[in-house]
Each structure stands twice: as C-alpha cells, then as structure tokens.
Amino acid sequence: MADQKPDAINTPPFETEELRKQLSQFLDAPFTLPNGDVRKVGDFKWGVYAFFDYEGEPIYVGQTNEKLRTRIRRHLTNQRTDAVAMSVLDPFEVFEIEVWPLPEFEGVGGKDKDACQHLNALERVITAKAIAESQFHAILNEKDPPPGELSVDVPTSFRGSIVSESVFELRSHPDFRIARRALVISRLAQVISERKVQTGLRRVLLTQAKRIQWLADRRFQALGGAMSVEKEPGAESAGSEQ
C-alpha cells in the first residue's frame, strides 16, 4: 500500500503550484525597452493588462500603477480583488496574459496627473480593442474605464501563456469549462441577489450566460446535435400504431 501524504502537508495542490510557477515565468520574462535595456515584464510600475481564455477570447482588462507583478498576482493567486471575490473573474479561465508596460513613467508617483491620465487613456484603448475582438462584443469587467478624451498610441506589448501542458490537459476539456462557468455564474447570481448592484454587474452576468450558452452549443453541435430531428408536438412515430 502506497504511503499516504500527511494532512499536515504544506504544499499547495498541483494546479495551484503549476499556476504560480507559470505565472512567475511569465512575469520574469525579459522585456526590451526602446533604448535597448531589458527588464522583467512584471517589474514595470505602470501598465495595462488583459486576460484571455482557452479560446483566445479577451475576458478582462485592467490597469495598475503599483507594479504589473503585484496587481496580476493579486488577481490570480490570492483572490483579494473585487473581480475575483464577487465571481466576476475566474482565475481558472485565464489561459494567456498580455501586458502593455509604460516604461516612460517609471519613478513617477502613483498620483501624478499626467501619468494617470495616460494610463486611463491606454486602458480605454485596450478595452475597446478587446470588446471589438470579442465574439460576444463584451468582456467581464464590471466597471468601464475612467472617462476622458486623451488619445494615446498603443505601446509594445508582451503576451504569453500561464498554463502548463499538464494543466491544459485537465482544464481544456469543454465539459470541464462548461461546468466551471456554470459554477461561477451561480456564485455571481447569488451575489447579485443579495446586494443592491449596479448595471455593470448584471452586464457581467449576461455576458457569462452568453459564454456558457456558446460553449454548450458548440459542444452539442460537435457531438451531432445539428443532425438531430425533433418531432412536431403530438406527432407519433409510424411504428407506434397497432
């Protein structure tokens, strides 16, 4: 009989450990600045980030002026953000991350007006791009980016996966993702039922419902659903007559 691991084991489950390892590799990846200098992509203080699911669908866009590494880790590893706590964002859905660092604002304080306006403008641009590229024309953000009229150019980005091959085999099955989305949307619906919420959270609920319906329908069609023939109400088969 194989030795059982003690209940006092102090290491996280396999998937959690893999996520942390892959996320660290992503955040430690080299990013080349316009002047040729190289820094770890997660070490930039100012920037915008986007999460993508297993179909490459954009699902969430955010910004930070406290460091990309800190903000992204908070989303995906310790569940201390409103988006995760309220079941707006499911870390299990995130397959890839793309970040747009703003190296020109390194060393600038978090309350600098020009830097904040630039960051807000970039978030608006990336959010609009994500929505335009989404087949649902929506992402899972509860709140819209801060308003403003400043126009900015999109800087060079860095994109990569945070899912290992082993975890991909576990999570990529469509039935697993349907079940996971159903679990998350039920939690979100519960949150909505217990609070006085704004329209944005109901928009997220609707978007999640569309995402479940789309994946369930795709699964149904792939298994021959398109070939099924439904009988008219009340119709009897030819062989049912005596």
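Residues numbered from 1 in each chain as written. Predicted model: local features only at pLDDT ≥ 70, side-chain atom pairs only at ≥ 80, totals over all residues. Heavy atoms only, no water.

Asks: Is there a simple way to explain the pattern of salt bridges in this structure?
Replies: Pairing of side chains with opposite charge becomes possible as their charged atoms draw close. Taken as a whole and judged by the stated rule, the model has 19 salt bridges. The shortest N-O distance in the salt bridge between Glu-15 and Arg-171 comes to 2.8 Å. One end of the pair, Glu-15, is in helix α1 (residues 14–27); the other, Arg-171, is in helix α5 (residues 165–171), with 156 residues separating them in the sequence. With relative accessibility at 23%, the residue Glu-15 sits in the partly exposed group. The buried category is assigned to Arg-171, whose relative accessible area is 4%. The shortest N-O distance in the salt bridge between Arg-219 and Asp-175 comes to 2.9 Å. Highlighted residues: Arg-219 in helix α7 (residues 199–222) and Asp-175 in helix α6 (residues 174–194), separated in sequence by 44 residues. On the basis of relative accessible area, Asp-175 is assigned to the partly exposed category, the value being 36%. It is possible to trace a salt-bridge network through shared partners that takes in Asp-53, Glu-55, Glu-93, Arg-177, Arg-181, Arg-211 and Arg-218. (Salt bridge = Lys/Arg side-chain N within 4 Å of Asp/Glu carboxyl O. Helix = DSSP H or I, 4+ residues; strand = E, 2+ residues; numbered from the N terminus. Buried < 20%, exposed > 50% of the residue type's maximum accessible area, 1.4 Å probe, protein only.)

Asks: Explain the environment of Asn-120 to me, please; I cannot follow it from the model alone.
Replies: Secondary-structure assignment places Asn-120 in helix α4 (residues 113–133). Along the primary structure Asn-120 and Pro-146 are separated by 26 residues, whereas in three dimensions their C-alpha atoms are 6.0 Å apart. In this structure the side chain of Asn-120 is engaged in a polar contact, spanning 2.8 Å, whose partner is the side chain of Gln-63. (Polar contact = N/O pair within 3.5 Å; in protein donor to acceptor, adjacent residues only side chain to side chain.)

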